Each structure stands twice: as C-alpha cells, then as structure tokens.
Amino acid sequence: MPTSSRPAIPADLAAMLHTLRLHLLSLRATTPYYRARLLRIAEQLAWVVRSWPAARWPAAQQVAPPRLLRQAQPLVPAQHQVLAPLQQLTACLHEGDQSRWAYYRQQQLLDIVLYLR
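All values reported here derive from a predicted model rather than from experimental measurement. Every chain is numbered independently, its residues counted from 1 as its sequence is written. Predicted model: local features are reported for residues with pLDDT of at least 70 only, side-chain atom pairs are reported and counted for 80 or more only, and whole-chain, interface and lining totals are derived from all residues. Computation of side-chain values: all heavy atoms of the structure, hydrogens and water removed.

A. Up close: the overall build of the protein. The secondary structure content of the protein amounts to 4 helices and 0 strands. When the elements of the protein are put in sequence order from the N terminus, they spell out α-α-α-α. Any residue under 20% of the maximum accessible area for its type is buried, any over 50% is exposed, and the rest in between are partly exposed; the area is computed with a 1.4 Å probe on protein chains only. Residue burial in the protein is summarised as follows: out of 117 residues, 31% are buried. Here, Shrake-Rupley sampling with a 1.4 Å probe gives the accessible areas, and only protein chains in the shown set may cover a residue. Approximately 8000 Å² of the protein is accessible, and the part contributed by carbon and sulfur atoms is 57%. Counting from the N terminus, the helices are the DSSP runs of H or I reaching at least four residues and the strands are the DSSP runs of E reaching at least two.

B. Structural context of helix α3 (residues 79-94). Between the first and last residue of a helix there are one fewer steps than residues, each counted as 1.5 Å, and that sum is the expected span. Given a rise of 1.5 Å per residue, 16 residues ought to cover 22 Å, and the 22 Å separating the end C-alpha atoms of α3 matches this to within 8%. If you check which residues of α3 are buried, you get Val82, Leu83, Leu86, Leu89, Thr90 and Leu93. The arc enclosing the buried residues of α3, seen along the axis, measures out at 125°, which places them on a common side. For α3, the exposed residues lying more than 90 degrees away from the buried face are His80 and Gln88. If you follow the buried residues of α3, they end up packed against α2 (34-51) and α4 (102-116). Gly96, located one to two residues past α3, shows a positive phi value of around 80°. The arc in question is the one traced by the directions running from the helix axis out to the C-beta atoms. The criterion used for residue contact is that any of the two residues' heavy atoms lie within 4.5 Å.

C. Inspection of the environment of Leu38 at higher detail. Its place among the elements puts Leu38 in helix α2. For the pair Leu38 and Leu24, spaced 14 residues apart in the sequence, the C-alpha separation amounts to 8.0 Å. Aside from chain neighbours lying at most four places away, what touches Leu38 is Leu24, Leu27, Leu93, Ala102, Gln106 and Leu109.

D. A look at the packing of aromatic side chains. Any Phe, Tyr or Trp ring, taking Trp's six-membered ring, that has another such ring centre within 6.5 Å forms a pair; planes under 30 degrees apart are called stacked, those over 60 apart edge-to-face, and the others tilted. In total, this model carries 1 aromatic pair according to the counting rule given. With a centroid separation of 5.0 Å and 70° between ring planes, the pair formed by Trp52 and Trp57 is classed as edge-to-face. Classification of Trp52 as buried rests on a relative accessible area of 2%. Trp57 sits in the buried class, given a relative accessible area of 8%.

E. Highlighting the nonpolar core. Take the buried residues of types Ala, Val, Leu, Ile, Met, Phe, Trp, Tyr and Cys, join any two whose side-chain atoms come within 4.5 Å, and each joined set is a nonpolar core. Ranked by internal contacts, the top residues of the largest apolar core, which has 27 residues, are Leu38, Leu45, Leu86, Leu109 and Leu116. At the level of elements, α1 (11-26), α2, α3 and α4 are the ones that each hand at least two residues to this core. If you tally residues by element for this core, the top one is α2, at 9 residues.

F. Local environment of unusual backbone geometry. Residues other than glycine seldom take positive phi values, yet Tyr33 does so here, at roughly 60°. Among the structural elements, Tyr33 can be located in the loop between α1 and α2.

G. Structural context of α4. Over its 15 residues, α4 extends 22 Å from the first C-alpha to the last, a length consistent with the 21 Å expected when each residue adds 1.5 Å. Where α4 is concerned, the buried positions are Ala102, Arg105, Gln106, Leu109, Leu110, Ile112, Val113 and Leu116. Relative to the axis of α4, the buried residues are bounded by an arc of 160° and lie together on one face. Elements that come into contact with the buried residues of α4 comprise α1, α2 and α3.

Just geometry here; none of it tells us what the structure is for.
Here it is as structure tokens:
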C-alpha cells in the first residue's frame, strides 16, 4: 500500500510513463526525426492521460491553509487540464513548428511526465 496521499496509478500506465520519461531524457535535438519522435511521445502521453482511471487520478486534498509555504499542498489539475496543453503541443508539432521551439516542446512534455509520475 502506498504511503503517499496520491492513489496508486495502474502498473501499465506507470511503466509507460517511465518509458516516456527515459525517451524524453535521452532525446537530443540532433537525433534523426527529432520532431516526429516528439510528436509520437506527445500522442502516447495523451493516451496515458486519457486511459488513466478517473477514480485513481490524483486529487487535491481539502486541508486548512498552511502556516508555512513549505506546508502547502500542490495544486492538482484535472485530467482535462492536463490534456489541453498536450493537445496544443501536438498541434504545434503537427504544424511543423519552428525547430527553435522543439527543445521547449520537449521540456513541456518532460514537465507533464514528471508531474504525473
């Protein structure tokens, strides 16, 4: 039983998130088909978010306001709030977004993956 307040995610989705994180960390701008690989990762991440059971989605806890900033609970977005930036990101990559933004797109994907872990 997990000790954190977040519900455990299904094992297959956890494995997929781990794999996507490793792919994002090893991907370099000089890698052949860089943008196509980013697009594929974005599509796979969107699938993971859509496949995540709503009952196991991390939920914000109702707690008293913290006295110290370090005691504050992180805000937890709903599934549709995570999917919206993913869809925008995918659209940008489909449009052939300029290469100077590709690294920024990769960082956005990595941020989402790390949040969901």
